[in-house]
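# Per-entry structural report
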Amino acid sequence: GAVVSQHPSRVICKSGTSVKIECRSLDFQATTMFWYRQFPKQSLMLMATSNEGSKATYEQGVEKDKFLINHASLTLSTLTVTSAHPEDSSFYICSAPDREGYGYTFGSGTRLTVV
Amino acid sequence: DQQVKQNSPSLSVQEGRISILNCDYTNSMFDYFLWYKKYPAEGPTFLISISSIKDKNEDGRFTVFLNKSAKHLSLHIVPSQPGDSAVYFCAASDYGGSQGNLIFGKGTKLSVKP
C-alpha cells in the first residue's frame, strides 16, 4: 500500500536554529501533501497544503516565513521550521491523499523539541 | 507494513442506527489509542481515546472498545446522525499519547443517511 516516509522522527534543536522535516511518498506520487501540528488536547491543526510545482497554501494564523514548505517533486515535500523557538516544540505530521482516492496516508510524525 | 489498519474505506449507515468503525494494529507496544474525525477541508479533530489498561471508554454517543488480545479496537456511534458524516481515523501511540509519535490508519469515510 501507499507509504509516506517522514524524517526525522525526533529532533532536538537549539533556539534560533532551523529544522527541516521531510515527507516522501515511497510508492506513489503525492501531488498534494497536508502538514499538521498537534496541539494540546490532541487535536491536529492543519498548517498548510503543499502542491507539487506551486506555492503552498497556508491556513490562517500560520506564519509563511517561519514555516517554509517546499514541494519540489511528486515524491517529496519538506517543512522547514526557521528560527525555532521553544513554543514551536510540538508534533508535526504530514499526510497525502491515498492513490486509490478514498483515504489518506500519514507519515510517522516528527517530535520537535526546541531548547 | 502498516502498523494501524482500517480495512473498510467507507461505511454507510442509516440515521438513528449504530455505526461501527474498526481498527486493527500490529504493534503490541502501543498503549494508547485515539480516534479522530475529519471534515472536508479541515484538519482531523480529536474525538475519543482509550488507554491500554482499559477495554472501554464512553463519551456521549461515542464508545471505543479495545480488545488487546486481538489487537483490535472499534468506535461505536449510537445513534448515528447526519452530522457524523466524515472521515474517521484511528491512531496509536507507544508513549501514552502525550509524548509519543502517533501512527495513523488510512481512515474510514462514514456516511449517515437521513
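Residues numbered from 1 in each chain as written. Chains lettered and ligands numbered in written order. Predicted model: local features only at pLDDT ≥ 70, side-chain atom pairs only at ≥ 80, totals over all residues. Heavy atoms only, no water.

In terms of helices and strands, chain B carries zero helices and eleven strands. Each helix (α) and strand (β) of chain B, taken in turn from the N terminus, gives the series β-β-β-β-β-β-β-β-β-β-β. With the C-alpha coordinates aligned to their principal axes, the bounding extent of chain B is approximately 40 × 30 × 25 Å. Taken across its 114 residues, chain B has 47% of its residues classed as buried. Across chain B, every contact between residues at least 6 apart in sequence was considered, and the portion connecting residues at least 24 apart equals 55%. The positive charge centre, built from 12 side chains, and the negative charge centre, built from 10, are 5 Å apart in chain B. (Helix = DSSP H or I, 4+ residues; strand = E, 2+ residues; numbered from the N terminus. Buried < 20%, exposed > 50% of the residue type's maximum accessible area, 1.4 Å probe, protein only. Contact = heavy atoms within 4.5 Å. Lys, Arg positive; Asp, Glu negative; His and termini not counted. Charge placed at Lys NZ, Arg CZ, Asp CG, Glu CD.)

Residues and elements named next belong to chain A. In terms of nonpolar packing, the biggest core is built from 26 residues, with Met33, Trp35, Phe67, Ile69, Leu79, Tyr92 and Leu112 touching the most fellow members. Counting residues per element, the ones that place at least two in this core are strand E2 (10-13), strand E3 (19-25), strand E4 (32-38), strand E5 (44-51), strand E7 (67-73), strand E8 (76-81), strand E9 (90-97) and strand E11 (110-114). Excluding its chain neighbours within four sequence positions, the residues that come into contact with methionine 33 are Cys23, Ala48, Thr49, Ser50, His71, Ser77, Cys94, Ser95 and Ala96. (Core = buried A, V, L, I, M, F, W, Y, C linked by side-chain atoms within 4.5 Å.)

All names here are of chain B. Strand order in the open sheet made by the five strands is E1-E3-E8-E7-E6, with antiparallel pairing throughout. Two strands in the sheet have a free side with no partner beyond their single neighbour: strand E1 (4-5) and strand E6 (56-59). Bridge analysis of E6 against strand E7 (residues 62-67) gives four bridges, and the strand direction is antiparallel. Across the sheet, residue asparagine 57 finds its bridge partner in E7, namely valine 64. (Pairing = 2+ DSSP bridges.)

Turning to the packing of aromatic side chains, a few remarks are in order. The relation between two aromatic rings is expressed through the spacing of the ring centres and the mutual angle of the planes. In this structure the tally under the stated criterion is twelve aromatic pairs over all chains. A centroid spacing of 5.1 Å and a plane angle of 85 degrees characterise the contact between A:Phe106 and B:Phe89, whose relative ring orientation is edge-to-face. Of this pair, A:Phe106 sits in strand E10 (residues 104-106) while B:Phe89 sits in strand E9 (residues 86-93), on two different chains. Taking the relative accessible area as the measure of exposure, B:Phe89 reaches 0% and is therefore buried. Of the aromatic side chains, those joined through ring pairs into one cluster are A:Phe34, A:Tyr36, A:Tyr104, A:Phe106, B:Tyr36, B:Phe46, B:Phe89 and B:Phe104. One cation-aromatic arrangement involves A:Lys66 over A:Phe67; the distance from NZ or CZ to the ring centre is 6.0 Å. (Phe/Tyr/Trp six-rings, centres within 6.5 Å; stacked < 30°, edge-to-face > 60°. Lys NZ or Arg CZ within 6 Å of the ring centre and 35° of its normal.)

Our focus in this paragraph is the environment of B:His72. All names here are of chain B. Relative to the helices and strands, histidine 72 is located in strand E8 (residues 72-77). When the C-alpha atoms of histidine 72 and tyrosine 25 are compared, they prove to be 6.4 Å apart, with 47 residues separating the residues in sequence. In contact with histidine 72, other than residues within four places in its own chain, are Asn22, Cys23, Asp24, Tyr25, Phe65, Leu66 and Asn67. Of the polar contacts made by the side chain of histidine 72, one reaches the backbone oxygen of cysteine 23; its length is 3.3 Å. (Polar contact = N/O pair within 3.5 Å; in protein donor to acceptor, adjacent residues only side chain to side chain.)

One pass over the full model with this rule turns up two disulfides over all chains. Linked covalently through their sulfurs, A:Cys23 and A:Cys94 form a disulfide whose S-S length is 1.8 Å. Taking the torsion about the S-S bond as the criterion, the A:Cys23 to A:Cys94 disulfide, at about -95 degrees, is left-handed. Note that A:Cys23 is positioned in strand E3 and A:Cys94 in strand E9, a separation of 71 residues in sequence. A relative accessible area of 0% means that A:Cys23 is categorised as buried. Classification of A:Cys94 as buried rests on a relative accessible area of 0%. The partner cysteine of B:Cys23 in its disulfide is B:Cys90, sulfur to sulfur 2.0 Å. Disulfide B:Cys23 to B:Cys90: torsion about the S-S bond roughly -75 degrees, handedness left-handed. (Disulfide = S-S within 2.5 Å.)

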